[in-house]
Amino acid sequence: MITNEQALLTKEDFHTRKDLPSWLYKEYETFHNTVTDKTFPCFFGMSGELKGELRYAYINQDDWSNLPSAVEGFLDLFKLPNYKRHGLFVFVEPFEQEGSIEDYRKQFWDILQYLHEVDEVEWPKESPRDPEHYLWDFRFNGEPIFVFGNAPAYKKRKTRHLGNAMVLGFQPRKIFEGLEGTEKGGIMSREKVRKRVEAWDQLPKHPDIGHYGDPTHNEWKQSFIGDDIEPIQGKCPFHHKSQA
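The paragraphs below set out a description of the structure included in this document. These numbers were taken from a predicted model, which means no experiment stands behind them.

**Regarding the overall build of the protein chain**
Argument step 1. When helices and strands are tallied, the protein chain shows seven helices and five strands.
Argument step 2. When the helices and strands of the protein chain are listed from N to C terminus, the series reads α-α-α-α-β-α-β-α-β-β-β-α.
Argument step 3. Taken over the C-alpha atoms alone, the protein chain extends approximately 50 × 40 × 40 Å along its principal axes.
Argument step 4. Out of the 244 residues in the protein chain, the part that is buried amounts to 51%.
Argument step 5. Partitioning the intrachain contacts of the protein chain with sequence separation of at least 6 by distance along the chain shows that 67% fall at a separation of at least 24.
Argument step 6. Taken as a whole, the protein chain presents about 12500 Å² of accessible surface, with 52% of it coming from carbon and sulfur.

If you want it as structure tokens, here you go:
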């Protein structure tokens, strides 16, 4: 059985460990070079990568069993005093042939559904189960987490293209404390990042991008936005176990 420590990787592991899949070393190198580019819009990602504060994991196409231990180990970091604003990036073994946005979006939600199915911690009673509720967010091990997808199928939104692998970013809600949508600091930092994103993407902000807690906003829709400026249609693929 894989321990949390084995499943959760640090920056140093890519230089010292020899037992990781060959595709992973290549994808991490692309990720590193992209997010440390001086013009990369996300200060959080750039700073975290340079300081070694990000954590990583991977899953193969035919085996996702690594993931629950990695996410659990990642969340344990926040139990430490003076924890950093860590982010977790999970690399998914590339398809044999590059897929479409819809292919990657489907797998993204399949992976979150899998994580939910194996999660042993009940969601709080007050936490919405229905993704159509504006206060819904994904939870694992009791923690609310914003999860977002990056994939090679993004051709216009280059900030969401981090290599040949789909990469899932996990950001616990607690790292946004003081940077919430209605806080002055949050509004300023968000707008600064979004201007840089538009310069990289050469597209306006996607209409489904908003801030958590906005009654007119669905959090799930910004997890895997389109490579366009069209609002996402339809229902969220995620189903809480209580509603299955």
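**Quick notes on the pairing of strand β5 (residues 166–172)**
Argument step 1. Counting buried residues in β5 gives seven out of seven residues, a clear majority hidden from the surface.
Argument step 2. Residues M166, L168, F170 and P172 point to one face of β5 and V167, G169 and Q171 to the other, with burial holding for every one of them.
Argument step 3. As defined by bridge partners, strand β2 (residues 88–92) adjoins β5 across five bridges and the pair is classed as antiparallel. For L88, the partnering residue across the bridge sits in β5 and is F170.
Argument step 4. As paired strands, strand β4 (residues 143–150) and β5 are joined by six bridges and run antiparallel to one another. Residue pairing for β5: G149 is matched across the bridge by L168.

**Observations concerning the sheet that holds β4**
Argument step 1. Pairing within the open sheet is mixed, and its five strands lie in the order β1-β2-β5-β4-β3. Bordering the open sheet on either side are β1 (55–59) and β3 (138–140), each of which pairs with just one other strand. Neighbouring strand axes in the sheet, compared pairwise and without regard to direction, differ in orientation by 35° on average.
Argument step 2. The strands touched by helix α5 (residues 66–76) are β1, β2, β3, β4 and β5; relative to β1, the strand with the most contacts, the crossing angle is about 170°.
Argument step 3. This element, helix α6 (residues 101–118), spans β1, β2, β3, β4 and β5 of the sheet and lies at about 45° to β5.

**Considering the packing of aromatic side chains**
Argument step 1. Under the counting rule described, the total for this entry stands at 21 aromatic pairs.
Argument step 2. Measuring from centroid to centroid gives 6.1 Å for W123 and F238, while their planes differ by 10°, and the two rings are stacked. Taken together, the positions of W123 in the loop between α6 and β3 and F238 in the segment after α7 (184–201) put the pair 115 residues apart, joining distant regions of the chain.
Argument step 3. Given the relative accessible area of 5%, W123 is considered buried.
Argument step 4. With relative accessibility at 1%, the residue F238 sits in the buried group.
Argument step 5. Three or more aromatic residues link up through ring pairs in this structure, and these residues are F14, Y28, F31, Y56, F89, F91, F146 and F148.

**What about the nonpolar core?**
Argument step 1. Core analysis: the biggest nonpolar cluster contains 42 residues, and V71, L112, L168 and F170 have the highest contact counts within it.
Argument step 2. Of all the elements in the fold, those that place two or more residues in this core are β1, α5, β2, α6, β3, β4 and β5.
Argument step 3. Contact partners of L168, with chain neighbours within four places excluded, come to L88, F89, V90, V92, F108, I111, L112, V147 and F148.
Argument step 4. Residues L9, Y56, F89 and F146 belong to the second largest nonpolar core, which totals 19 residues.

About the thresholds
Residues numbered from 1 in each chain as written. Predicted model: local features only at pLDDT ≥ 70, side-chain atom pairs only at ≥ 80, totals over all residues. Heavy atoms only, no water. Helix = DSSP H or I, 4+ residues; strand = E, 2+ residues; numbered from the N terminus. Buried < 20%, exposed > 50% of the residue type's maximum accessible area, 1.4 Å probe, protein only. Contact = heavy atoms within 4.5 Å. Areas by Shrake-Rupley, 256 points an atom, 1.4 Å probe, with all protein chains shown as cover. Pairing = 2+ DSSP bridges. Axes fitted to C-alpha atoms, helices over the stretch in contact; angles between N-to-C directions. Phe/Tyr/Trp six-rings, centres within 6.5 Å; stacked < 30°, edge-to-face > 60°. Core = buried A, V, L, I, M, F, W, Y, C linked by side-chain atoms within 4.5 Å.

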